[in-house]
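Each chain, written out:
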Amino acid sequence: MASIFRPSASFDLRPKVICKKLSTRERFEFQKKSLRKERINVRFCSLKANKAQGSIEGISVVEEKQLNNKTDYGVVGVHHVGLLCENLERSLEFYQNILGLEINEARPHDKLPYRGAWLWVGSEMIHLMELPNPDPLTGRPEHGGRDRHACIAIRDVSNLKEILDKAGIAYTMSKSGRPAIFTRDPDANALEFTQV
């Protein structure tokens, strides 16, 4: 019974490497080399073996870089999330007056062919864009975690719960039991707030 909750020492959590068109010896050498590397993440595998040179050609395995290395193009984080809204003022009422987010005045508003606003979320932003929203307002999952959503890290879910209760805004708690709350803005964009 204990083995159900605690894997044995021989349980392998590494991703399985499945390569076609490789001989048994080439597959074994490839796996042996791959398993030596730290934090390998196999995304796809369609390698061709070059028997004449004894090497593997093609770019088909993407490896995560070690934590102290940079990615090839320099990913540093999420800059902003773009959300569509039907009425900018109504959305700003929600984001500013209920959630307490502040507008980033340095971001351009007048250079775009539509109305919008940039709101600070820590060091990142939400870009509200007043455009026709192709998503329906009804018929969406009750729980925002089952819909596309943006997730915002917060310090205290219970404080946000009180704020939403006071404003009469519907929400659901995380189905996994972790401290997180899901709600929707006036345009039915799902938002998750997770306690960190």
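Residues numbered from 1 in each chain as written. Predicted model: local features only at pLDDT ≥ 70, side-chain atom pairs only at ≥ 80, totals over all residues. Heavy atoms only, no water.

Moving on, we get to the sheet that holds strand β9 (residues 190-195). Each strand in a sheet pairs with another by means of backbone hydrogen bonds, the pair being arranged parallel or else antiparallel. Pairing in this open sheet of 4 strands is mixed, and the strands run β6-β9-β8-β7 from one edge to the other. Looking at strand neighbours, the two that pair on one side only are β6 (149-154) and β7 (171-173), the edges of this open sheet. Neighbour-to-neighbour, the strand axes of this sheet turn through a mean angle of 20 degrees, independent of strand direction. Pairing of strand β8 (residues 180-184) with β9 involves 5 bridges; the strand directions are antiparallel. By the bridge assignment, Arg184 is partnered in β9 with Ala190. (Pairing = 2+ DSSP bridges. Helix = DSSP H or I, 4+ residues; strand = E, 2+ residues; numbered from the N terminus. Axes fitted to C-alpha atoms, helices over the stretch in contact; angles between N-to-C directions.)

Here the focus is the sheet that holds strand β5 (residues 124-130). If you walk across this open sheet you meet the 3 strands as β3-β5-β4, and the pairing is mixed. Both edges of this open sheet fall to β3 (80-85) and β4 (116-121), since each of them pairs with a single strand only. Across the sheet, the mean angle from the axis of one strand to that of its neighbour is 20 degrees, orientation sign disregarded. As judged from the 6 bridges shared by β3 and β5, these two strands associate in the parallel manner. Each bridged residue has a counterpart across the sheet, and for Leu84 the counterpart in β5 is Met129. Of the strands in this sheet, β3, β4 and β5 touch helix α3 (residues 88-98), which is tilted by about 155 degrees from β5. (Contact = heavy atoms within 4.5 Å.)

Inspection of the secondary structure puts Tyr171 in strand β7. Through-space distance from the C-alpha of Tyr171 to that of Thr183 is 4.4 Å; in sequence the pair is 12 residues apart. Residue contacts for Tyr171: discarding those within four places in its chain leaves Lys161, Leu164, Asp165, Ile181, Phe182 and Thr183. Here the side chain of Tyr171 touches Lys161 through a polar contact of 3.5 Å, side chain to side chain. A polar contact is formed between the side chain of Tyr171 and the side chain of Asp165, at a distance of 2.8 Å. (Polar contact = N/O pair within 3.5 Å; in protein donor to acceptor, adjacent residues only side chain to side chain.)

Another aspect to go through is the confidence of the model for the chain. Should pLDDT be low for a region, the predicted coordinates there are not to be read in detail. This prediction gives the chain a mean pLDDT of 76; 64% of its residues lie at or above 70. Low pLDDT, under 50, characterises residues 1-12; the predicted model gives this stretch 0 contacts beyond four residues in sequence or across chains. Between residues 35-53, whose pLDDT stays under 50, and residues either more than four places distant or in other chains, the model counts 45 contacts. (pLDDT = per-residue confidence, 0-100.)

The next point concerns the nonpolar core. Counting 23 residues, the largest nonpolar core has Tyr95, Leu99, Ile126, Leu128, Leu191 and Phe193 as its most contacted members. Listed by contribution, the elements that provide at least two residues to this core are β3, α3, β4, β5, β6, α4 (157-167) and β9. Looking at this core, the element that brings in the most residues is α3, giving 4 residues. Setting aside its immediate chain neighbours within four residues, Leu128 contacts Leu83, Cys85, Leu88, Ser91, Leu92, Tyr95, Arg115, Gly116, Ala117 and Leu119. (Core = buried A, V, L, I, M, F, W, Y, C linked by side-chain atoms within 4.5 Å. Buried < 20%, exposed > 50% of the residue type's maximum accessible area, 1.4 Å probe, protein only.)

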